[in-house]
Amino acid sequence: MDLELELNNLLREIENKFREAKTLLELENLRIRYLGRKSYLASFPQIISKLDQDQKKKIGKIYNDLKARIEKIYGERKEELNQVEVNFDFEHPGLEILLAKEHPISKVRNEIVKIFSSLGFSVVDYSQIVSEEENFDYLNIPAYHPARDIWDTIWVDKNGKKSKYLFRTHTTSFQVSTIKKLGVPLRAVVFGKVFRYEATDKTHDFEFHQLDGISISPSTNLGHLRYVVEKFFESFFDSSKAIVRFRPGYFPFVEPGLEIDIGCIFCHGKSKNCLICKNTRFIEVAGAGMIHPHVLIRAGVNANKYRGYAFGFGVDRLIMLRHSIDDIRVLHSADLRFINQF
Amino acid sequence: MKFRIKDLEKYTGKISNWQKVADTLTLKSFETNYTDGIIDVDILPNRYPDASCLLGLANEILLVTNKPRRAKLEIKKPKESKEKTEGKLKVVNELSDEVPYYFGRVILGLKNQPSPSWLKEFVEFYGFRSINFLVDLSNLVMIETGAPLHIFDLDKINDQVIVRKAKDGEKFISLDRKVYNLNKEDIVIADRNKIIALAGINGSSLSEVDLNTKNIFIEAAVFSPEAIYKTSRRLNLKTTSAFRFERKVSPSRSRLALERVTYLINIYLGGVVLAGIIGDRKMPIRQIKFDFSLIEKISGLRLDNKLIKKILDSLNIKKNGNILILPSDRLDLQTPEDIVEEIIRLYDYNKIKPFYEYSFHRTSIEKHLEFNNLIKNFFLKVGYFEGYNYSFFNKEYYLLIKEMYPSAVKVYNPISEDHEYFQNNLIPSLLKNVYLNQFNFKKIRLFQIDKVACEENEKIVEKYHLGVVYADKDPELILKELKGILTKLSNEFNFNLELVKFHSTLFGKIGARLRGLGFMGVLTKNMQEKFDFDLNLGIIEIDLDELIKIVNLRKMFQPIPIFSVIERDLSFFVENDMTFSEISKQIRKLKVNFLKEIKLIDIYFIAKKSLTIRFVFYSESRNLTNEEVDKEIEKIKIYLVDTLKVELR
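On a predicted model such as this, the values are computed, not experimentally measured, just so you know. (Residues numbered from 1 in each chain as written. Chains lettered and ligands numbered in written order. Predicted model: local features only at pLDDT ≥ 70, side-chain atom pairs only at ≥ 80, totals over all residues. Heavy atoms only, no water.)

Scanning chain B for helices and strands turns up 21 helices and 32 strands. Its C-alpha atoms give chain B a radius of gyration of 40 Å, clearly above 26 Å, the size a compact globule of 649 residues would have. In terms of overall dimensions, chain B has a C-alpha envelope of 130 × 60 × 45 Å along the principal axes. Relative to its full complement of 649 residues, chain B shows a buried share of 53%. A fraction of 70% describes how many contacts in chain B between residues 6 or more apart in sequence connect residues 24 or more apart. Carbon and sulfur atoms make up 51% of the accessible area of chain B, which amounts to about 31400 Å² in all. The distance from the centre of the 102 positive side-chain charges to the centre of the 89 negative ones in chain B is 4 Å. (Helix = DSSP H or I, 4+ residues; strand = E, 2+ residues; numbered from the N terminus. Rg over C-alpha atoms; globule rule 2.2 N^0.38 Å. Buried < 20%, exposed > 50% of the residue type's maximum accessible area, 1.4 Å probe, protein only. Contact = heavy atoms within 4.5 Å. Areas by Shrake-Rupley, 256 points an atom, 1.4 Å probe, with all protein chains shown as cover. Lys, Arg positive; Asp, Glu negative; His and termini not counted. Charge placed at Lys NZ, Arg CZ, Asp CG, Glu CD.)

Structure, rendered in structure tokens:
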């Protein structure tokens, strides 16, 4: 028989078999059968070696080409069988995946709690409905004092009359009872809703969130306050160095009283038209000071031995600053189109 | 408060860079803005007595810009007549506690006239209507000194001036000729037969000065801030004078104002000043014991004594050992801490270095807050978004849910009718949240954790509640998902969940009480219509203060099965009143080998009630064969069919 014809027939046979193989295992068996050491094809070099010079050269070339072709077909088929049967365009957007989100306010609450925990503060909880004493009198804000006008109050009703309970106008109302309960030395923060009898607009709401902190020990001073404030704002705004500025301020429950500004996180003092800091290079973020001795005394603390600092800030404004939210009412909504963004 | 710099410069001298002054004031005293010849200063409330006027603010500016000069008012002691003031007008102060200082002077034979343009312009800039020369001068002096004055037409005063409390129901006629009803808390200035001024708040038209006025009585007084506050708020009569008295007026400034206005009147309007000041007396010296180590204790700054002395001098505080003698107009300086504040603000607050203070104790997080976070994470993991709400709702919501949550805290002065109650449950807020989102989403899954309040035994009690809502088309799907979530929750937090059917307006019959914890249900069609919902709403409300008491958060390890677990499901029809718990109880009484667990997989209704129950078999010692399990299942089937009369499917 013509060797050349035989080789071509063999090629066709192997090619068909390989193409018909349905699994990788089937293909492997075919490979052993047709390309293995004991295969018919493997015996060919011996046959060729016995041919005359011309034939050897001619058939040898055909054999080599054939072998290369079979191996190529084998490789291609193997690759084909290796694939999962699917038609997929990688431009496909993928399925819509539902990822449930927490509300940014509660997300930030946890973030803030974590920062203050790492700074050695305990995290406490306190009532939203408090007595007039807790909210005002204990904090050196007596009745019939204009300082009360700063905090327009929503009161609890008692048989149609104003009761002695109110919806806390600031988280500072936690101070006296918390110090009494936990004792000194103490470092604690409280977070939560506060309420004001106030008209709402883009930057004001009648319900909003504050954080108040206190630190009391025999050695506490304003330098310690500065450290905590700097570290907090560095963490919160994720910056390596927060520029913190103290200014005189007045809150009846602290003395000295301070306003705390931070360097503008938007223009970093470089813009001539910054809408956030209005070119003042600073943003007012917190009130603070050394706890007034009268407040400490009311909490049963020896004010000759212990001193403490206190600070408080509006959390909503910080969230709005950090995420460029321009309307507090959006922040205070459950619109999923809003929540989904965080 | 706005001031013209041309007025301030009369006291400070010429200043070239007012922007710089404004910046310095902001850092050392009060937040200040400067534009076009005007500075706007946010005077701190406790600094009103000394700084809310040209004299005081000018002094503050000189102080913070390190100028040695101090502001001074031009005053020359008037040439007094021989006639004594007291001889002309008797003044009786019945209220020495509430009116500690009541100074006065009498000027006779002056000639009042309309104000010249400079004065008119001045008072108008500072927010007053120009009335006439006399009145405008008294307002000018108030702006200069911070102390309110009042000028009476002496000829309209009947015989004497009495400082007293009003009688209940006594009438006061204001300068605007409005009539006010007074009570016995109000301080008034009266003569023999009428009230001639509401002390510290407003004069009366019955004694006002006009262009015909020739003889005057000038009052410079210090009234109790509290009394002025009460009267001014009660009558809703808020005047500049009341505003200042509420924030305290310094007696020395008051006396200074009297002398200044007397001087100016004398210059511009002539007249004879009678001899002596009514109520004149020496001001007490205010002093305080001061421990200088307090500066470092409070600020962490170590300042040298020379520097401290220099600052005290600049403040006009005299040091006598550890006693400090305070300037008479700085009423805000009361405690040693106030002195420290003065020293460090004038030195530089921003030289205080940050300093780490070691922890005093192990920090803790309130248990409830941690628990709330666990609940929150659970709901996020099962695909619920966290909503948000305001804490108040209206009466309609309150009444609607009253049968589930009867006690609520009512608001005395609600922001609006929609905020009459403080929330005692979260359902209204869930409804609002769904309403807001239903136009954009067809499936809404939300939860909230927030404080609610109610009254228990006359006491207000606050609790944390969990509210969950799932809004979708198919109510069965909603109920199954919510029940699945509750079951998962009870497994995850290891507590017993017991549902008891509960009929309510909100849910109709499709509602249940979660015993001891709360409620769940699907809103009735009526409610859907009422609140304008396109979707069905399933709701869960749980009292987390109760839940936290019964959960078990510590997980105990259960050995992982070594041998294979075999499960068999049986589906069958039962009578409607037959329950899974009863069936399961009965089967447990049978002697079924290797039966480890009986689970209810599904209940549905196709004409009849159908149950699918899963039986779980396991042996601790070997792998069970199918044949063995088949034998046991057969026992169960026979019991179900023969005894319980179920119809296997």
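Right, picking up where we left off after that structure.
Another aspect to go through is the layout of surface pockets. Rolling a probe over the atoms, with the probe sized like a water molecule, indicates the empty space that remains. Residues and elements named next belong to chain B. Space inside the second largest pocket adds up to approximately 1500 Å³. L479, K483, L499, L600 and I603 are the residues nearest the centre of the second largest pocket, which is lined by 32 residues in total. For the lining of the second largest pocket, the secondary structure elements donating two or more residues are α17 (475–493), β25 (499–501), β26 (511–514), β27 (518–522), α20 (580–589), β30 (595–606) and β31 (608–617). Tallied by class, the residues present in the lining of the second largest pocket amount to 15 nonpolar, 9 polar and 8 charged. (1 Å grid on protein atoms, 1.4 Å probe; cavity = no way out; pocket = protein on both sides within 12 Å on 5 of 7 lines; lining within 4 Å. Points joined across faces, edges and corners; volume = space filled by probe spheres on them. Nonpolar A, V, L, I, M, F, W, Y, C, P; charged D, E, K, R; others polar.)

Attention now moves to the packing of aromatic side chains. Summed over the entire model, instances satisfying the criterion amount to 56 aromatic pairs over all chains. On the numbers, 6.3 Å between centres and 45° between planes, the contact of F531(B) with F533(B) is tilted. You'll find F531(B) and F533(B) in the same group, each marked buried. Sitting above the plane of the Y144(A) ring, K230(B) keeps its charged end 4.3 Å from the centroid. Lying across the ring of Y229(B), R233(B) places its NZ or CZ 4.1 Å from the centre. (Phe/Tyr/Trp six-rings, centres within 6.5 Å; stacked < 30°, edge-to-face > 60°. Lys NZ or Arg CZ within 6 Å of the ring centre and 35° of its normal.)

The next subject is the domain arrangement of chain A. If you check the domain split of chain A, you get domain 1 (3–82) and domain 2 (104–339). Computed over C-alpha atoms only, the centres of domain 1 of chain A and domain 2 of chain A are separated by 84 Å. (Domains from an automatic or database assignment.)

Turning our eyes to something else, we now look at the pattern of salt bridges. Residues and elements named next belong to chain B. Enumeration according to the criterion identifies 78 salt bridges over all chains in this entry. The salt bridge partner of R164 is E170, with a shortest N-O separation of 2.9 Å. Taken individually, R164 and E170 each receive the classification buried, so the pair is uniform in this respect. Between D191 and K194 there is a salt bridge, and its shortest N-O distance comes to 2.6 Å. By relative accessible area, K194 is classed as partly exposed at 21%. (Salt bridge = Lys/Arg side-chain N within 4 Å of Asp/Glu carboxyl O.)

For the rest of this paragraph, the subject is empty space enclosed by the protein. Evaluation of the coordinates by the stated rule reveals 3 cavities of 30 Å³ or more. Taken as a whole, the largest cavity encloses approximately 80 Å³ of empty space. Forming the walls of the largest cavity are P248(A), G249(A), K28(B), S29(B), L44(B), N46(B), R47(B), D332(B), E341(B), E342(B) and R345(B). For the lining of the largest cavity, the element with the highest residue contribution is helix α13 (residues 336–347) of chain B, accounting for 3 residues. Per-class residue counts for the lining of the largest cavity are 2 nonpolar, 3 polar and 6 charged.

Once that is clear, we can look at the interface of chain A and chain B. Taken residue by residue, the interface counts 88 residues in chain A and 80 residues in chain B. Counting each side, the surface lost to burial between chain A and chain B is near 7300 Å², with a carbon and sulfur contribution of 59%. Of all residues in chain A, the largest losses of buried area upon contact with chain B belong to Y144(A), P248(A) and L336(A), amounting jointly to 10% of the total for that side. The tally of links from chain A across to chain B stands at 6 salt bridges. There are 37 residue pairs in polar contact (both at pLDDT 80 or more) connecting chain A and chain B. (Buried area = accessible area lost by both parts, 1.4 Å probe. Polar contact = N/O pair within 3.5 Å; in protein donor to acceptor, adjacent residues only side chain to side chain.)

What follows covers the packing of helix α6 (residues 117–125) of chain B against helix α7 (residues 133–145) of chain B. Residues and elements named next belong to chain B. At a minimum axis separation of 10 Å, α6 and α7 run at an interaxial angle of 50°. Relative to α7, α6 is oriented oblique. Crossing handedness for the pair α6 and α7: left-handed. Between α6, through W118, L119, F122 and V123, and α7, the contact on the second element is made entirely by F133, D136, L137, N139, L140 and I143. Taken together, the residues of the contact of α6 with α7 sort by class into 8 nonpolar, 1 polar and 1 charged. (Axes fitted to C-alpha atoms, helices over the stretch in contact; angles between N-to-C directions. Parallel < 35°, antiparallel > 145°, perpendicular 65-115°, else oblique. Left-handed = near helix turned anticlockwise from the far one by under 90°.)

Glancing now at the nonpolar core. If you look at soluble globular proteins, the nonpolar side chains tend to sit buried side by side. F116(A), F311(A) and I265(B) are the most contacted members of the largest nonpolar core, which has 232 residues in total. At 8 residues, the largest contribution of residues to this core is made by helix α4 (residues 54–64) of chain B. Apart from residues no more than four positions distant in its own chain, F116(A) is found in contact with F121(A), V189(A), L211(A), V228(A), F232(A), F311(A) and F313(A). Counting residues in each nonpolar core, the second largest holds 29 residues, with L166(A), V176(A), I179(A) and I291(A) among its members. (Core = buried A, V, L, I, M, F, W, Y, C linked by side-chain atoms within 4.5 Å.)

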